[in-house]
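Fold and geometry: a report
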Amino acid sequence: SSSDCALQVCVVGSGPAGFYAAQHVLKLQKSAIVDVYEKLPVPFGLVRFGVAPDHPEVKNVINSFTQTMHHGRCSFYGNITVGKDISVEELKQAYHVVILAYGAQDNLMLEIPGESLHGVYSARSIVEWYNGVPGIQNLNPDLSCETAVILGQGNVALDVARILISPIDLLKKTDITSYSLEAIAASKVKRVLIVGRRGPLQVAFTIKELREMVNLPGARPLFNPSDFEGLREIIKDKPRPRKRLTELMVKTALEKPSAKEAKRQEEAAKEWGLRFLRSPVQILPTSDGKHVAGIRLSVNKLEGSGESLRSIQTEELEDVECGLVLSSIGYKSHPISSSFPFDNKKRVIPNHLGRVLNTPGLYCSGWVKRGPTGVILTTMNDSFETAESVVKDVKSGSLNLSVPKAGFSAVQALLQQRGVCLVSFPGWEKINEAELAKGAKLGKSREKLSNVEEMLNCVCC
Ligand code: FAD
């Protein structure tokens, strides 16, 4: 039957979406050969470059991804940008199945005056800086001010706030980049305000990240009690996660702390707070017009309820003095080929259960499929769904498998012609060893190589 011949599958992107799709196809389809292509010389996407350095337990999924790469029918090809070094069309020629899992790399912009001032960054670029995305070492964010404002109230906002005001001792043994560790140690930032356009019942962060902030050594919460009055009544009937999350905020804002906690808070040199019902209107410049001096926020009110709840700006404005503005308002994907559908409004690849619309043989998974929300587990479930669609299409005969495909050997020939140097999984393992050794010398779990050249030197390709 058609499912007996080798099914050549390739996956574009080696984050959770790529790995989980590969893993599940290999498990369900014994005839499948799966090649994973990655833009960077190193695998794992946001598990390596997004997840906070002080959350090493989250990165344990790397062990299972590594097992997948050691599977006899699976290969990794890093340092290949699909859409530049090789096109999706060429991959479609070489493989029966192409799964696009390249994530959401672009930031949503604030689109307000002052966004280009010195001292304004996307939270994502700060994350990339402390997590060592190749080439970003020279970002040198200006941490010479006392107050930072973060726009957005999701987990990434809390991650960035926590890293900025954590005691350096909590960071120095992690895999945070040494250059950022040095900059954070010298930082003058002592107050972080995390601003959301809606209210405390709409925050997008989760309780684990909030609890870490509440208990962060050397930092005290700076809440406005009036934001939380009466909330206990309202949350009675809310789902449990929302209820527990809100209770922790209410307790922190309204309850008298124990004597020990009060002392801790009093002695803390740093502070952080949540600000609600505020939208950025303008970033205010210093008198020379170059640097951030503050941010103008509109005071909002909420209208509607449930899914249709919206924040509406009122006439009232509020200026907050600060020297650093970090926007953490979300991401978007971009198309990597003009010959396949892309939904420019939702910024995802239009699909049905992972099947790209009107394009047999092309699939998608992860953030590029459902949009840039959700944790690794959500991404796993979503990628399993895509893998199941692939396997169903093999079984039903709707994929044309009568023509054998050359798979990697066809791609290899093209890459050689173009002078592209690829990094295999054993190549990544050499980089990994170099990073672990560098880290051990510094008393850290890892010291990431900070640019592509250094990585390629390590694999001598
Ligand atoms: P990605 O992880 O972004 O992977 C996409 C991969 O595709 C990348 O490796 C990229 O280099 C590659 N790529 C891009 N373009 C191309 C191209 N043209 N050719 C080839 N390859 C390409 N979830 C948790 O559960 N716990 C956390 O603590 C957590 N922290 C997070 C922190 C941050 C800052 C962010 C942004 C997210 C965090 N998440 C966390 C969410 C989690 O990272 C995502 O759910 C998940 O990574 C999405 O997987 P993905 O594979 O779709 O995207």
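Rules of the game
- Residues numbered from 1 in each chain as written.
- Predicted model: local features only at pLDDT ≥ 70, side-chain atom pairs only at ≥ 80, totals over all residues.
- Heavy atoms only, no water.
- Pairing = 2+ DSSP bridges.
- Helix = DSSP H or I, 4+ residues; strand = E, 2+ residues; numbered from the N terminus.
- Axes fitted to C-alpha atoms, helices over the stretch in contact; angles between N-to-C directions.
- Buried < 20%, exposed > 50% of the residue type's maximum accessible area, 1.4 Å probe, protein only.
- Near = heavy atom within 4 Å.
- Polar contact = N/O pair within 3.5 Å; in protein donor to acceptor, adjacent residues only side chain to side chain.
- Areas by Shrake-Rupley, 256 points an atom, 1.4 Å probe, with all protein chains shown as cover.
- Nonpolar A, V, L, I, M, F, W, Y, C, P; charged D, E, K, R; others polar.

Spatially, three strands are ordered S11-S12-S13 in an open sheet, and the strand pairing comes out antiparallel. Strands at the two margins of the open sheet, each flanked by one partner only, are strand S11 (278–285) and strand S13 (310–321). Going from strand to strand, the sheet's axes swing by 20° on average, the running direction of each strand aside.

Let's shift gears to the pairing of strand S7 (residues 147–151). Counting buried positions over the five residues of S7 gives five, a clear majority of the element. Taking every second residue as pointing to the same face, both faces of S7 are buried, with Thr147, Val149 and Leu151 on one and Ala148 and Ile150 on the other. Pairing of S7 with strand S8 (residues 191–195), which is carried by five bridges, proceeds in the parallel orientation. Looking across to S8, one finds that alanine 148 is bridged to valine 192. Alignment of S7 against strand S14 (residues 324–327), held across four bridges, turns out to be parallel. For valine 149, the partnering residue across the bridge sits in S14 and is valine 325.

Another aspect to go through is the site of the ligand. The environment of the ligand is formed by 30 residues, the closest being Ala17, Glu38, Trp367, Gly374 and Ile376. Separating an oxygen atom of the ligand from a backbone N or O atom of leucine 46 is a distance of 2.9 Å. Contacts to the ligand include valine 82, whose backbone N or O atom sits 2.9 Å from a nitrogen atom. Burial of the ligand by the surrounding chains reaches 93%, relative to a free accessible area of 1000 Å². Among the residues making up the shell around the ligand, the classes are represented as 16 nonpolar, eleven polar and three charged.

A few words now on the pairing of strand S4 (residues 97–100). The two faces of S4 match: Val97 and Ile99 on one face and Val98 and Leu100 on the other face are all buried. One ladder, built from four bridges, connects strand S1 (residues 7–12) with S4; its direction is parallel. Along S4, the bridge assignment pairs cysteine 10 with valine 98. Bridge count for S4 against strand S18 (residues 362–364) is three bridges, and the pairing is parallel.

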